[in-house]
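# Examining the three-dimensional arrangement
Chain residues, written in single-letter form:
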Amino acid sequence: MWPVVLLLLLPVALAVLALARVAHRLLAPSGNPFSGPPPEPPRPLVTDQRARDRVLKQGFSARRVPAPLDAVVIGSGVGGLAVAATLAKAGRRVLVLEQHDQAGGCCHTFQQHGVEFDVGIHYVGQLHEGSLLRVALDQVTDGQLCWHRLPDPYDEVTLGARRYLLRSGKVAFVTALEEQFPEEKEAIREFMRLSKVASRHAALLALLKLSPRWLVTVLLRSGLLPRLSPVFRMAATSHSQAAARLTSNPDLRALFGYLFYGTAPRDSSFLVNALMVHHYQRGAWYPRGGASEVAFHAVPVIERAGGAVLVRAPVTRVLVSADGTALGVAVRAGPGEEELEIRAPLVISDAGIFNTFGKLLPPHVRSQPGVRSLLATLRPGMGSFLVFVGLRGSAAELRLPPTNFWIYPHNDLDAMMTRYSALSRDEVPDNLAMMFITFPAAKDPTYEQRHPGRSCMTILTMARYEWFEEWAGSRPRHRGPEYQRYKMDIAQRLLDRALLRFPHLRDKVEFVEAATPLSNQHYLGAARGEMYGTEHDLRRFSPTTMAALRPDTAVRNLYLTGQDVFSCGLAGAVHGGLLCASAVLGRLLYLDLLLLKRKIKRRQGRHTA
């Protein structure tokens, strides 16, 4: 009798033991990089440019490469810095290599004629006190990154002749929409319910990307994923179809998907748009001191563990052994210089899917069926065209609003995108579509202190790489007069449109500069000048593709981080970094963050009691 009972209990006991070992590995205090809140409050803003350059512009040289390394990261965008800082907090020595002359990726800034511009961080949501994203960013910047909340309305959306305002707060957000669409209360409340469901279930996307491949294969082949959670059904649903089921009001349909990222609503995932609206429901924030503050405070975290962030260090190859294991990277610091091979047990790429798999891996790895099929499934997202406008006068003097302005010619965003994407190069200047206008100088309370008597406006629209491809391969400022004429023709037309909205700025414009998809390619390393990595279309958010876009790759010891792992924007890149660090460390860092979040909340409760 007892031998039979013992035999029956043995599998259960082994299963419990296995679960206990997994739980210990995932939650053991000794391996937790997020064990406590930042040790000290934010220090005063560093405004001395030389002091900032010593952090953000450390040039590459062989003597500056730490040894021995635990990992090397390709690219210093938010995804690269987030994973490197997290690993550093776990005691790993990490080297981050950046091809540009300053760290930060889309978080870097540049100055011209005494005016500072950001290039990618326009505003960020879900940064209210105690939010998961806020706790994560505090961890990777030692709590030194400060955020300024934008006043209401944080967004104004123009659809033809009509303007709509977006306000922050769970109640205020919905109330503002209902006041502007009094006959659409039911549709608005249902959309908000769905966006809440999307937010609550989004963690399942992370679990899918961290689950063992055999389990993912079983879930995909069995068709169970859509039954497990509505988030997978929402991901595979066209936004236009979902919005049409909610309401027949064309303006409200457009507002449900106004946060445009280059994909037509009919081709985009309803899940992504619902998550983006939810992302800003509690408000919008901007980094105090400018976008470069993100990298400025993440770099010291990496250095404290013995690592380094080095710029002007373009990676030319990922070194892969004969048995398919990543061994390190090769760097060529300048034209005509020899490659320097840097060995590391782990290689992490923040360079994007297309650069990593299409350029950096050796040919025999690129030709593998799994790599080829993934690249065939995806395509680069649409590029961007930015206009940087220097203004004479402070934000206060010019009455610049901190609001962001989304301006569309009409409410049919699908038709707008279809027509715009089909334009030939010569047709573009006369047929510009949407544009986004923002005033960084009005969003950062330190801007006047750092750049007295100056302010700026940034205008953004979408642009196809093909419109500028004729000049690909040439260096900035060496692309010839025809490129300059074409670029500035588009820039001037966008500026003229912006000045129709803000006519009082017409005589305050000091200078105008513009950036095309080729600028993104050169400065950000974007394969085809894309804004947000791979195209955020329905194919990308199908269960099969979402499962394939995971931090670990078919190349042993090669990992991915950044936007291509999760989703677009700063928040998406941070989550890509957290997923990558979770895979490398073998623990669910989201659980560590949730536990830390509760610890901080309890501590704050005691202080206010």
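What you see is a predicted model; the values in this text were computed from it and never measured.

Here the focus is helix α18 (residues 413-421). Looking at α18, one finds that the buried residues are L413, D414, M416, M417 and Y420. Angular distribution of buried residues about the axis of α18 spans 160°; they occupy a single face of the element. Those residues of α18 that are buried are in contact with α11 (239-246), α12 (250-256), β16 (404-408) and β18 (454-463).

So, on to the state of the cysteines. Per the stated rule, a full pass over the model turns up zero disulfides. You can see C456 has no disulfide; the closest cysteine sulfur is in C107, sitting 16 Å from it. Distance from the sulfur of C580, which forms no disulfide, to the nearest cysteine sulfur (C107) is 17 Å.

Turning next to the pairing of strand β7 (residues 155-159). Across the five residues that make up β7, a large majority, five, are buried. Side chains D155, V157 and L159 project from β7 onto one buried face, and the interleaved E156 and T158 project onto a second face that is buried too. Pairing analysis gives five bridges linking β7 to strand β8 (residues 162-166), with the strands arranged antiparallel. Its bridge partner lying in β8, L159 is registered against R162. Between the antiparallel neighbours β7 and β8 lie two residues, among them G160 with a positive phi of about 70°. Bridge count for β7 against β16 is five bridges, and the pairing is parallel. Note on β16: the bridge partner recorded for V157 is W406.

As a further point, take the pairing of strand β4 (residues 115-118). Every second residue of β4 is oriented toward a common face, with V115 and F117 on one face and E116 and D118 on the other, all of them buried. Across four bridges, the pairing between strand β3 (residues 109-112) and β4 is antiparallel. Looking across to β4, one finds that Q112 is bridged to V115. Here β3 folds back onto β4, and the loop between the two strands holds two residues, one of which, H113, carries a positive phi near 55°.

Read from one edge of the open sheet, three strands run β5-β9-β6, paired in antiparallel fashion. Every interior strand has two partners, whereas the edge strands, β5 (124-125) and β6 (147-149), have only one. Two elements, β6 and strand β9 (residues 284-287), share three bridges in a ladder whose sense is antiparallel. Bridge pairing in β9 links W147 to P287.

What follows deals with the environment of A548. Secondary-structure assignment places A548 in helix α23 (residues 543-548). Here the alpha-carbon distance between A548 and P517, two residues 31 residues apart in the chain, equals 27 Å.

It is the contact of helix α2 (residues 49-56) with helix α14 (residues 293-304), at a shortest axis distance of 9 Å, that shows an interaxial angle of 60°. In terms of orientation, α2 and α14 fall into the oblique class. Considering only the axes of α2 and α14, their crossing is left-handed. Here A51, R52, V55 and L56 of α2 come into contact with α14, specifically with E293, A295, F296, V299 and P300. Here the residues of the contact of α2 with α14 are counted per class, giving seven nonpolar, no polar and two charged.

Tallied over the full model, the rule gives 36 salt bridges. Residues E190 and R193 are paired through a salt bridge, measuring 2.8 Å at the closest nitrogen-oxygen approach. Of this pair, E190 and R193 both sit in helix α6 (residues 185-201), separated by three residues, roughly a single helical turn. Taking relative accessible area as the criterion, E190 reaches 28% and is therefore assigned partly exposed. Residue R193 is classed as partly exposed on the basis of its relative accessible area, which comes to 44%. What you see here is one network of salt bridges that share partners, running through R317, E339, E341 and R343.

With that out of the way, let us pick up helix α22 (residues 517-524). Within α22, the full set of buried residues consists of P517, L518, S519 and N520. Check the buried side of α22 and you find it contacts β15 (383-392), β18, α21 (481-501) and β19 (509-515). Two residues or fewer after α22 comes G525, characterised by a positive phi angle close to 75°.

To continue, consider the confidence of the model for the protein. Model confidence for the protein is summarised by a mean pLDDT of 92, while 94% of its residues fall at 70 or above. Counting interchain partners and residues more than four positions distant, the pLDDT-below-50 stretch residues 1-25 has three contacts.

Tracing the chain through its elements places G75 in the loop between β1 (71-74) and α3 (78-89). For the pair formed by G75 and A103, sequence separation is 28 residues and the distance between their alpha carbons is 8.4 Å. Discounting chain neighbours no more than four positions away, the residues touching G75 are G80, V96, L97, E98 and D350.

Our focus in this paragraph is the side chain of H128. Within the fold, H128 resides in the loop between β5 and α4 (132-140). Ignoring any residue separated from it by four or fewer positions in sequence, one finds H128 in contact with R134, R282 and W285.

This part covers the packing of aromatic side chains. A complete count under the given rule lists 20 aromatic pairs for this structure. Centroid distance Y123 to Y280: 4.7 Å. Interplanar angle 25°. Geometry classified as stacked. Of the two residues, Y123 is situated in the loop between β4 and β5 and Y280 in the loop between α13 (270-279) and β9; the sequence distance between them amounts to 157 residues. Here Y123 falls in the buried class, since its relative accessible area comes to 8%. Seen from their ring centres, Y420 and W467 are 5.2 Å apart, and the 85° between their planes marks the pair as edge-to-face. A residue pair is termed long-range when its members are at least 10 positions apart, and Y420 in helix α18 and W467 in the loop between β18 and α21 qualify at 47 residues. With relative accessibility at 3%, the residue Y420 sits in the buried group. Owing to a relative accessible area of 3%, W467 belongs among the buried residues under this scheme. An aromatic cluster is built from Y123, Y154, Y258, Y280, W406 and F436, whose rings are joined through pairwise contacts.

About the criteria used
- Residues numbered from 1 in each chain as written.
- Predicted model: local features only at pLDDT ≥ 70, side-chain atom pairs only at ≥ 80, totals over all residues.
- Heavy atoms only, no water.
- Buried < 20%, exposed > 50% of the residue type's maximum accessible area, 1.4 Å probe, protein only.
- Helix = DSSP H or I, 4+ residues; strand = E, 2+ residues; numbered from the N terminus.
- Arc of directions from axis to C-beta.
- Contact = heavy atoms within 4.5 Å.
- Disulfide = S-S within 2.5 Å.
- Pairing = 2+ DSSP bridges.
- Axes fitted to C-alpha atoms, helices over the stretch in contact; angles between N-to-C directions.
- Parallel < 35°, antiparallel > 145°, perpendicular 65-115°, else oblique.
- Left-handed = near helix turned anticlockwise from the far one by under 90°.
- Nonpolar A, V, L, I, M, F, W, Y, C, P; charged D, E, K, R; others polar.
- Salt bridge = Lys/Arg side-chain N within 4 Å of Asp/Glu carboxyl O.
- pLDDT = per-residue confidence, 0-100.
- Phe/Tyr/Trp six-rings, centres within 6.5 Å; stacked < 30°, edge-to-face > 60°.

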